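Structural characterization, general
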Amino acid sequence: MTTDPLPGAPEPRRCLLLLMPGGSLLALAGVLEALQAVNHLQGDARYVAELGSPGGGVVSCGDLPLQTQGLAQAAHPYAIFVLSGEGAEASPALLQWLREQAAVGVALAGVDGGSAVLAEAGLLGAERATVNTHLAEALQDEFPDVVWSGNVWEINADASRLSCAGGSASLDLMIAWLGRSHGERLAQDLTLKLGLERARGRDERQRRPVAEQRGGSPKLAEALSLMEANLAEPLPTEDVARLVGVSRRQLERLFKQHLDALPSRYYLELRLNRARRLLQQSGQSILQIGLSCGFSSGPHFSNAYKAHFDKTPRDERSQRAIAWRRPAGDPS
């Protein structure tokens, strides 16, 4: 997880990724990917990522065991990213350590529930901060001085306090933060490097996933967001479960309870619905559309499409062509 700087490179900016219970592996991956990508774009290891935890040793993140260093080994970090799930308890020693880091000018970032840890340490004051929307109301009551927004990310004026929602929002935060240090051109290059069409801006509100709209759980909401972000290269159910921090069986129970479907079936429907929109609205070839929606071949796409919509992709395209050729006002 740590990248050593090249000889003669600038003094590295050490970023400590502080793992707390319930932290999202997807959010962690976003921070790590962004730091690795910006080093590649600049040609040197200007940023060094280090994994830490309050007690050191092996810590699980999304059921993945990771070796971490303790706080005493964290040498002069440039920035600290606190990655936490909902309701993680911070010890008085950890809160005091965070205050000490803030006092010497270390930038502090709360990722997902990590913002609640910073608020508990008294380090957000009257700043704007964000968390997953389902946590905001409770935190507003507990920490009324903080301006809790529903935005995807927040960065204060001097970039000493950062926060973002969970999951893939960490990528948006990192692009914005690194762009402040190195310019808009790098932010654009970083967005492309990370395979994103665009990074979400500061004022964009968190999208309410289907799971939240139906009263579902945060873990289900995160799983749906993960699926929606990976339609071209579908993730196995085991990987989705691991990335959101539950077992496969737990994930299947959540989908059955709230959506009355298995995760694999729901994922397939997401991909097929996207394919249908592209067939109706784009000029891409049928094969291009199938591949972009995660199907391995033309026949694979056609068979799955016909089984779900009772017509082939070619039939769908033909109906669109007929509609385009029909004269205006002709109801036939």
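Here the structure is shown first, and the text comes after it.
Below you will find a few notes about this structure. (Residues numbered from 1 in each chain as written. Predicted model: local features only at pLDDT ≥ 70, side-chain atom pairs only at ≥ 80, totals over all residues. Heavy atoms only, no water.)

Quick word on the pairing of strand β10 (residues 161–164)
Both faces of the sheet carry side chains from a regular strand, because those side chains alternate between them. The alternating pattern of β10 places R161 and S163 and L162 and C164 on opposite faces, both of which are buried. Judged from the three bridges that link them, strand β9 (residues 153–155) and β10 form a sheet pairing that is antiparallel. Considered in β10, the bridge of E154 is made with S163. Remark: five residues form the turn of the hairpin made by β9 and β10, two consecutive strands paired antiparallel; A159 in that turn has positive phi of roughly 60 degrees. (Buried < 20%, exposed > 50% of the residue type's maximum accessible area, 1.4 Å probe, protein only. Helix = DSSP H or I, 4+ residues; strand = E, 2+ residues; numbered from the N terminus. Pairing = 2+ DSSP bridges.)

Some details on the environment of E228
Within the secondary structure layout, E228 lies in helix α8 (residues 218–228). Under the relative-accessibility criterion, E228 is labelled partly exposed at 27%. Between the alpha carbons of E228 and R274 there is a distance of 9.8 Å; along the sequence they are 46 residues apart.

A short note on the sheet that holds strand β1 (residues 13–19)
Pairing is mixed across the open sheet formed by six strands, whose spatial order is β2-β1-β5-β6-β10-β9. Two strands bound the open sheet, and with one partner strand each, they are β2 (47–52) and β9. Averaged over all pairs of adjacent strands, the angle between strand axes in this sheet comes to 15 degrees, irrespective of strand direction. Of the pairings in the sheet, the one linking β1 to strand β5 (residues 79–84) comprises five bridges and is parallel in character. (Axes fitted to C-alpha atoms, helices over the stretch in contact; angles between N-to-C directions.)

Focus: unusual backbone geometry
Despite not being glycine, A159 shows a phi value in the positive range, around 60 degrees. Of note in this structure, D310 is not a glycine but carries a positive phi near 65 degrees. Looking at where D310 falls in the secondary structure, it is placed in the loop between α13 (298–309) and α14 (313–325).

Looking at the nonpolar core
For soluble globular proteins, nonpolar side chains are generally found buried alongside one another. Ranked by internal contacts, the top residues of the largest apolar core, which has 63 residues, are L17, L28, F81, W177, L178 and F255. Of all the elements, helix α1 (residues 25–42) adds the most residues to this core, at ten residues. The residues touching L17, leaving out its near neighbours within four places in the chain, are L28, V31, L32, E50, L51, G52, F81 and L83. With 31 residues, the next largest nonpolar core counts L18, A90, L118 and A119 among its residues. (Core = buried A, V, L, I, M, F, W, Y, C linked by side-chain atoms within 4.5 Å. Contact = heavy atoms within 4.5 Å.)

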